[in-house]
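Examining the three-dimensional arrangement
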Amino acid sequence: MTQRPGYFTSHQVAQMLGVSLPTVGNWAKAGKLIAHRTPGGHRRIPRAELLRFLREHDFPIPDGLEEPTLTRRVLIVDGGMDFGAILAEYLTINHDYNVKQADDGFSAGWLCSEYQPRIVIIDMDIPGLDLIKIVKLLSEASNPTKSAVIALASAHNPSTEMQLIGLGVAAVVRKPAKLHELAELIENASS
């Protein structure tokens, strides 16, 4: 997945919108498009400002410029990363989700804080991972979207599953999970 730049040059904006470089400069001089200046005097336009300008002036939004909506953000926490990589590719290509992956609890916690996923899919079999504690932390987090959790389990453990469901986990799915069934659960949990 490519990182979206936070700032654009005047030249990039001109190319993106099909206008001349002086036109972008005139917008900035008139205060219609807020731009910062580098020490060398070059303009940098923040992504959020460019999006505001485009919406305010009824320009079409170029593909890939907008951040994915919060409901399309998924975090997959998979210790082996093999299944996570397959699921990430499937969700990205077939269902237009924006997916990030983590392979341990620390990375997952950091990504939950920074990325604020709508759905978190967690492999319960990652050594040292306390899923009950993670679910409690996610429910108490200041994340405005309140991440929904789907747990993947290799063994049937009714008491743990009931506890997880009681804490608000959307579903506990047996491994090996079918991609289309997970996609359906994700769609239901994100609505």
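The shown structure was predicted, so the numbers you read here are calculated from the model rather than taken from an experiment.

About the cut-offs
- Residues numbered from 1 in each chain as written.
- Predicted model: local features only at pLDDT ≥ 70, side-chain atom pairs only at ≥ 80, totals over all residues.
- Heavy atoms only, no water.
- Buried < 20%, exposed > 50% of the residue type's maximum accessible area, 1.4 Å probe, protein only.
- Helix = DSSP H or I, 4+ residues; strand = E, 2+ residues; numbered from the N terminus.
- Pairing = 2+ DSSP bridges.
- Axes fitted to C-alpha atoms, helices over the stretch in contact; angles between N-to-C directions.
- Contact = heavy atoms within 4.5 Å.
- pLDDT = per-residue confidence, 0-100.
- Phe/Tyr/Trp six-rings, centres within 6.5 Å; stacked < 30°, edge-to-face > 60°.

1. Some details on the pairing of strand 4 (residues 73-77)
In terms of burial, strand 4 is a largely internal element, 5 of the 5 residues being buried. Bridge analysis of strand 4 against strand 5 (residues 98-102) gives 5 bridges, and the strand direction is parallel. Paired with V74 across the bridge in strand 5 is V99. Where strand 4 lies against strand 6 (residues 119-123), 4 bridges are found, and the strand directions are parallel. Counted as the bridge partner of I76 is I121 from strand 6.

2. What about the sheet that holds strand 5?
The 5 strands lie next to each other as 5-4-6-7-8, forming an open sheet whose pairing is parallel. Each edge of the sheet is formed by a strand with only one pairing partner; in this case those strands are strand 5 and strand 8 (171-174). On average, each strand axis in the sheet is tilted by 20° relative to the strand beside it, whichever way the strands run. Note: strand 7 (residues 148-153) against strand 8, 4 bridges, orientation parallel. Residue L152 lies in a different strand from strand 8, and its bridge partner there is V173. Against the sheet, helix 4 (residues 82-95) contacts strand 4, strand 5, strand 6 and strand 7, and its axis sits at roughly 170° relative to strand 5. Packing of helix 5 (residues 105-115) onto the sheet brings it into contact with strand 4, strand 5 and strand 6, and relative to strand 5 it is tilted by some 150°.

3. Observations regarding the confidence of the model for the protein chain
In the predicted model, the protein chain carries a mean pLDDT of 83, and the fraction of residues at 70 or more is 91%. The secondary structure element of the protein chain with the lowest average pLDDT is helix 6 (residues 131-140), at 79, and the one with the highest is helix 2 (residues 21-29), at 94.

4. Observations regarding the packing of aromatic side chains
Counting across every chain of the model gives 3 aromatic pairs. Arranged with centres 4.7 Å apart and planes meeting at 45°, the rings of W27 and F53 form a pair that is tilted. Here F53 lies in helix 3 (residues 47-56) and W27 lies in helix 2, a separation of 26 residues in the sequence. The buried category is assigned to W27, whose relative accessible area is 15%. Of the aromatic side chains, those joined through ring pairs into one cluster are W27, F53 and F59.

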